[in-house]
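What follows is each chain in one-letter form.
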Amino acid sequence: MAEDTHDSSRPAHEPRDGSPEEAALSARLGSLEQRLAHSRVSRKLQTNQSETGSENGHAKASAMALGFRLSSELIAGVLGGAALGWGIDRLFSTSPWGLIAFALIGFIAGVVNVMRAAGVMAKQSERL
């Protein structure tokens, strides 16, 4: 390379040849750097405030608890149905039909439980 693109003796936003376009570009770059620094500081303050805010922490914990409850109800429905189907298959030698049928029934039951826990079912029954 004949020309060094990174001159360490001057800042990156300082114009090289002094043209008006270069000056305007360096001014915009300087403004952008200031806005980014201000944005970083304000985000850091917001992060520190949100960690200390007890209401926000309780809301996050409550949302996580609801998410774990809904996911565990769905998984329990599927696993319960599959276990019941497996037991029926072992008892009556109908493999794999009992497992398939009861796993599907367990999935449907899990979805209904999730909808009931999330409040979707109550809203639909109020419409009727």
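Just so it is clear, the structure is predicted and the values come from calculations on it, not from any experiment.

Chemist: Is there a simple way to think about the overall build of the protein in this case?
Modeler: Helix and strand content of the protein: four helices and zero strands. Counting from the amino terminus, the protein carries its helices and strands in the arrangement α-α-α-α. Residues counted as buried form 9% of the 128 residues belonging to the protein. Considering only contacts within the protein whose residues lie at least 6 apart along the sequence, 36% involve residues at least 24 apart. Surface exposure of the protein reaches about 10,500 Å², of which carbon and sulfur atoms provide 62%.

Chemist: It is not clear to me how the confidence of the model for the protein should be interpreted in this structure. Could you clarify?
Modeler: In low-pLDDT segments, the atomic positions of the prediction should not be examined closely. Of all residues in the protein, 73% attain a pLDDT of 70 or more, and the chain-wide mean is 82. Helix H4 (residues 120-127) is the least confidently modelled element of the protein, averaging 65 in pLDDT, while helix H3 (residues 97-118) averages 94, the highest of any element.

Chemist: Quick question: what am I supposed to make of unusual backbone geometry here?
Modeler: What is expected of a backbone is that most residues other than glycine have negative phi and most peptide bonds are trans. Here Ser 95 and Pro 96 are connected by a cis peptide whose omega angle stands at -5°. Following the sequence through the fold, Pro 96 ends up in the loop between helix H2 (54-92) and H3. Although it is not a glycine, Ser 93 sits at a positive phi angle of roughly 55°. Residue position: Ser 93 is located in the loop between H2 and H3.

Chemist: Can you help me understand the pattern of salt bridges in this one?
Modeler: If charged atoms from side chains of opposite charge come close, those side chains can pair. In total, this model carries one salt bridge according to the counting rule given. Arg 69 is the salt-bridge partner of Glu 73, the closest N and O atoms lying 3.2 Å from each other. Of the two residues, Glu 73 and Arg 69 are both situated in helix H2; the distance of four residues between them amounts to about one turn of the helix. Overall, Glu 73 belongs to the partly exposed group, its relative accessible area being 22%.

Chemist: Got a minute to help me understand H3 in this structure?
Modeler: For an α-helix the count is 3.6 residues per turn, leaving residues at separations of three or four pointing the same way. Spanning 22 residues, H3 covers 32 Å between terminal C-alpha atoms, matching the ideal 32 Å at 1.5 Å per step. Residues Gly 98, Gly 106 and Gly 110 constitute the buried set of H3. Buried residues along H3 cover an arc of 95° about the axis, so they all sit on one side. With respect to the buried face of H3, the exposed residues turned more than 90 degrees away are Trp 97, Leu 104 and Ile 108.

Chemist: Even after reading the chapter, I still don't get the environment of Val 112, so can you show me in this structure?
Modeler: Relative to the helices and strands, Val 112 resides in helix H3. What makes Val 112 partly exposed here is its relative accessible area of 28%. Linking Val 112 and Gly 77, residues 35 residues apart in sequence, is a C-alpha distance of 9.5 Å.

Chemist: Whenever I open this one, a nonpolar patch on the surface confuses me. Can you help?
Modeler: Taken together, the side chains of Leu 29, Leu 32 and Leu 36 present a nonpolar region at the surface, about 220 Å² in accessible area. Look at Leu 36 and you get partly exposed, because its relative accessible area is 39%.

Chemist: Sorry, what's going on with the side chain of Asp 89 here?
Modeler: Within the secondary structure, Asp 89 is located in helix H2. In terms of polar contacts, Asp 89 uses its side chain to reach the side chain of Thr 94, at 2.7 Å. Each residue touching Asp 89, except ones within four places of it in the same chain, is listed here: Thr 94, Ser 95, Pro 96, Trp 97, Gly 98 and Leu 99.

Conventions adopted
Residues numbered from 1 in each chain as written. Predicted model: local features only at pLDDT ≥ 70, side-chain atom pairs only at ≥ 80, totals over all residues. Heavy atoms only, no water. Helix = DSSP H or I, 4+ residues; strand = E, 2+ residues; numbered from the N terminus. Buried < 20%, exposed > 50% of the residue type's maximum accessible area, 1.4 Å probe, protein only. Contact = heavy atoms within 4.5 Å. Areas by Shrake-Rupley, 256 points an atom, 1.4 Å probe, with all protein chains shown as cover. pLDDT = per-residue confidence, 0-100. Salt bridge = Lys/Arg side-chain N within 4 Å of Asp/Glu carboxyl O. Expected span 1.5 Å × (residues − 1). Arc of directions from axis to C-beta. Patch = residues over 30% accessible without salt bridge, like charges linked within 9 Å, V, L, I, M, F, W, Y side chains within 5 Å. Polar contact = N/O pair within 3.5 Å; in protein donor to acceptor, adjacent residues only side chain to side chain.

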